[in-house]
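# Chains, contacts and geometry: an overview
Spelled out from the first residue to the last, the chains are:
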Amino acid sequence: MKTIRKISVTSVLCLTLFTTLSMSCREESEMTVQEIQAENHQNAKTRFVEVKGNTFAYRILGNDNGIPLVLLPGLGGSMDDWDPAVIDGLAKKYKVIIFDNKGVASSKGTTPNTIQAMADDAIDFVEALHINKINIMGFSMGGFVAQRVVLTKPSLINKVILTGTGPKGAIGLANLPNIIAGAAGLNPEESFLQFGFTNSAESIAAGKAAFNRIQLRTTDRDITLNDATSLSQLTAVLEWSQPNSNALEEIKQIKNPVLIVHGENDLPVSVQNAKNMAQNLEHSELLIFPDSGHASFFQNHNAFVSKAIEFLQ
């Protein structure tokens with residue numbers, strides 16, 4: 001039986017939106033369970049695993065027990081573009097795995113230019129870690145990838161969190177080139193604020209705080225995405241944005257519990273996309289943050305982490 005619950009909470013997608021200054025990764029060292037548990041987003045060591053001939057970079061945070069939560073970032077994002085308030089909050093309760101997909105930042109290989117190929121690579125990465133069941137969370141483009149992961153290999157997935165994302169042919173996403181052009185001349189913080197937050201004083205203050213938190217990691221940072229990777233990702237997103245009359249029918253095949261999180265004022269991905277997904281996913285909950293943009297779960301990190309933990313339990 002369909003279970004949709006909408007919760008109101010009071011309280012970039014362009015290539016530079018969640019991309020910050022990066023430094024080269026260092027070699028990984030063996031870690032004990034105790035060391036993994038003690039680490040946070042600021043100091044978690046970068047580890048590497050061979051995945052079908054390519055080296056993937058990843059980090060593990062939090063409790064080493066239970067079903068791990070694997071995170072998929074948005075367009076232009078790497079491991080160091082997640083908000084530590086979100087990552088550390090989730091890691092207090094769960095084992096959290098962040099990684100760079102093929103060809104992204106510190107991972108090797110050629111970045112594919114389709115969402116499906118990115119999903120296939122993500123599945124290969126998880127299997128290379130010898131994990132047979134995960135919870136998955138995707139932000140923006142990562143949400144596109146997460147949908148394809150679930151549809152491609154449903155037996156791998158327990159629960160799904162989708163933030164700031166939409167189905168194939170997502171409303172408004174085809175306007176992405178114009179949105180990117182509108183960011184010309186903005187510095188990284190200005191771009192981050194324009195695409196991730198609203199114009200209200202409260203949202204801007206939250207955005208600046210999130211941007212500052214993301215800069216806290218000063219050693220062993222991810223390397224910057226190269227131009228070829230950025231172009232491949234953009235190509236994949238624009239292909240996903242093309243009208244698709246069957247998209248909402250397709251996601252009905254997802255039978256896993258899904259938490260959908262969206263900002264009421266999301267610029268690149270209209271909130272209507274979240275509403276449409278909620279209406280077509282059999283076991284879904286919809287959380288819409290008011291006065292919030294594309295990075296609504298950064299702005300409302302305490303409320304988001306609390307809800308995500310409740311959902312995953």
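In this report, the structure presented in the accompanying data block is examined. Remember, it's a predicted structure, so these values are computed and weren't measured experimentally.

The rules we used
- By convention here, each chain's residues receive numbers from 1 onward along its written sequence.
- In view of the model being predicted, local features appear only for residues whose pLDDT reaches at least 70, and side-chain atom pairs are presented and counted only at 80 or more, with totals across whole chains, interfaces and linings using the full set of residues.
- To get the side-chain values, take all heavy atoms of the structure and skip hydrogens and water.
- Going along the chain from the N terminus, every DSSP run of H or I of four or more residues is numbered as a helix, and every run of E of two or more is numbered as a strand.
- Burial classes: relative accessible area under 20% of the type maximum marks a residue as buried, over 50% as exposed, and values in between as partly exposed (1.4 Å probe, protein chains only).
- Note on areas: Shrake-Rupley, 1.4 Å probe, and residue coverage restricted to the protein chains presented here.
- Classification of ring pairs rests on two measures: the distance between centres of Phe, Tyr or Trp rings, Trp counted by its six-membered ring, which must be within 6.5 Å, and the angle between planes, read as stacked under 30 degrees, edge-to-face over 60 and tilted in between.
- Throughout, nonpolar core names a set of buried Ala, Val, Leu, Ile, Met, Phe, Trp, Tyr and Cys residues whose side chains join them through atoms within 4.5 Å.
- Any two residues whose heavy atoms approach within 4.5 Å are treated as being in contact.
- Here a cavity is any set of points on a 1 Å grid over the protein atoms alone where a 1.4 Å probe fits but cannot get out, and a pocket is any open set with protein on both sides within 12 Å along at least 5 of 7 lines; a residue lines the site when it has an atom within 4 Å of a point.
- Grid points are joined across faces, edges and corners, and a volume is the space filled by probe spheres set on the points.
- Amino acid classes used here: Ala, Val, Leu, Ile, Met, Phe, Trp, Tyr, Cys and Pro are nonpolar; Asp, Glu, Lys and Arg are charged; the rest, including Gly, are polar.

### Here's the deal with the overall build of the protein chain
- A tally of helices and strands in the protein chain yields 12 helices and nine strands.
- Taken over 313 residues, the protein chain has a buried fraction of 58%.
- Of the accessible surface of the protein chain, which amounts to about 12,500 Å², a share of 51% is contributed by carbon and sulfur atoms.

### Considering the packing of aromatic side chains
- In the structure shown here, the tally under the stated rule is 11 aromatic pairs.
- Their ring planes at 65 degrees and their centres at 5.6 Å tell us that Tyr-58 and Phe-125 sit as a pair that is edge-to-face. Residue Tyr-58 is located in strand β3 (residues 54–61), and its partner Phe-125 is located in helix α3 (residues 115–128); the two are separated by 67 residues in the primary sequence. For the residue pair Tyr-58 and Phe-125, the accessibility class agrees, reading buried in each case.
- Centroid distance Phe-99 to Phe-125: 4.1 Å. Interplanar angle 10 degrees. Geometry classified as stacked. Linking Phe-99 in strand β5 (residues 96–99) with Phe-125 in helix α3, this pair joins segments that are 26 residues apart in sequence. For the pair Phe-99 and Phe-125, a shared accessibility class is recorded, and that class is buried.

### Comments concerning the nonpolar core
- Formed by 51 residues in total, the largest nonpolar core has its most connected members in Phe-125 and Ile-136.
- Apart from the residues within four sequence positions on either side, Phe-125 is in contact with Val-49, Val-51, Phe-56, Tyr-58, Ile-97 and Phe-99.
- Counting 36 residues, the second largest nonpolar core, distinct from the first, contains Val-86, Tyr-94, Val-96 and Ile-214.

### Topic: empty space enclosed by the protein
- Its volume calculated, the largest cavity comes out at about 150 Å³.
- Considering the residues around the largest cavity, the lining is formed by 15 residues, among which Pro-73, Asn-101, Met-118, Met-141 and Gln-233 are closest to the centre.
- The greatest single-element share of the lining of the largest cavity, amounting to three residues, is contributed by helix α4 (residues 141–152).
- Considered class by class, the residues forming the lining of the largest cavity number eight nonpolar, five polar and two charged.

Keep in mind these numbers describe shape, not what the thing actually does.
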